[in-house]
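Topology and contacts: notes
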Amino acid sequence: MFELPAHLKRLLDYHYDRRQRAQTTDRDWTTVYAKTYRDGTTCSLRLEDALLQVFTHDTHHRGQVLVLARQLGYTPPDLDFL
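Since the model is a prediction, treat every value here as computed from it, not as a measurement.

**A short note on the overall build of the protein**
When helices and strands are counted, the protein shows two helices and two strands. For the protein, the α and β elements follow one another from N to C terminus as α-β-β-α. When the 82 residues of the protein are sorted by exposure, 7% land in the buried category. Within the protein, residue pairs in contact and separated by at least 24 positions form 21% of the contacts whose partners lie at least 6 positions apart. Accessible area of the protein: about 7300 Å², with a carbon and sulfur share of 57%.

Written as structure tokens, this is what we have:
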């Protein structure tokens, strides 16, 4: 069975716990929010667009972890949901 190194497991557990705490209620998914970047620039985006970014960014980091696992000689499990 595939075993993640402890530091990678802690990282994955942290992100899972954070997602679990982010419970949503009924909201208007088209509400527009302002986002300020580190360089001071701002933009406006809808809640549904912000969530899409969160989900796709999460996928990006999953890919990074899988690449790192392979580089360390592990054979990661299939992470497809379907």
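**Description of the confidence of the model for the protein**
Counting all residues, the mean pLDDT for the protein is 77, and 67% of those residues have values of 70 or more. In the model of the protein, helix 1 (residues 6-21) stands out as the element of lowest mean pLDDT, 65, in contrast to helix 2 (residues 47-71), which has the highest, 86.

**Examining the environment of T41**
Position of T41 relative to the elements: it lies in the loop between strand 1 (32-36) and strand 2 (42-46). On the basis of relative accessible area, T41 is assigned to the partly exposed category, the value being 41%. Setting aside residues up to four positions removed in sequence, T41 forms contacts with K35 and T36.

**Side note on the pairing of strand 2**
Sheet analysis places strand 1 next to strand 2, joined by five bridges and oriented antiparallel. Opposite T36, over in strand 2, you have T42 as the bridge partner.

**Overview of the pairing of strand 1**
Counting buried positions over the five residues of strand 1 gives zero, only a small fraction of the element. Between strand 1 and the antiparallel strand that follows it, strand 2, lie five residues; G40 among them carries a positive phi value of about 95 degrees.

**Description of a nonpolar patch on the surface**
Taken together, the side chains of L68, L72 and Y74 make up a nonpolar region of the molecular surface, amounting to roughly 250 Å² of accessible area. Relative to the elements of secondary structure, Y74 occurs in the segment after helix 2. Judged by relative accessible area, which is 32%, Y74 ranks as partly exposed.

**Focus: helix 2**
Between its first and last C-alpha atoms helix 2 spans 36 Å; for 25 residues at 1.5 Å apiece the expected length is 36 Å, and the two agree. L47, V65 and A69 are the residues of helix 2 that are buried. Those residues of helix 2 that are buried lie in contact with strand 1 and strand 2. Backbone geometry just after helix 2 places G73 at a positive phi near 95 degrees.

What counts, and at which threshold
Residues numbered from 1 in each chain as written. Predicted model: local features only at pLDDT ≥ 70, side-chain atom pairs only at ≥ 80, totals over all residues. Heavy atoms only, no water. Helix = DSSP H or I, 4+ residues; strand = E, 2+ residues; numbered from the N terminus. Buried < 20%, exposed > 50% of the residue type's maximum accessible area, 1.4 Å probe, protein only. Contact = heavy atoms within 4.5 Å. Areas by Shrake-Rupley, 256 points an atom, 1.4 Å probe, with all protein chains shown as cover. pLDDT = per-residue confidence, 0-100. Pairing = 2+ DSSP bridges. Patch = residues over 30% accessible without salt bridge, like charges linked within 9 Å, V, L, I, M, F, W, Y side chains within 5 Å. Salt bridge = Lys/Arg side-chain N within 4 Å of Asp/Glu carboxyl O. Expected span 1.5 Å × (residues − 1).

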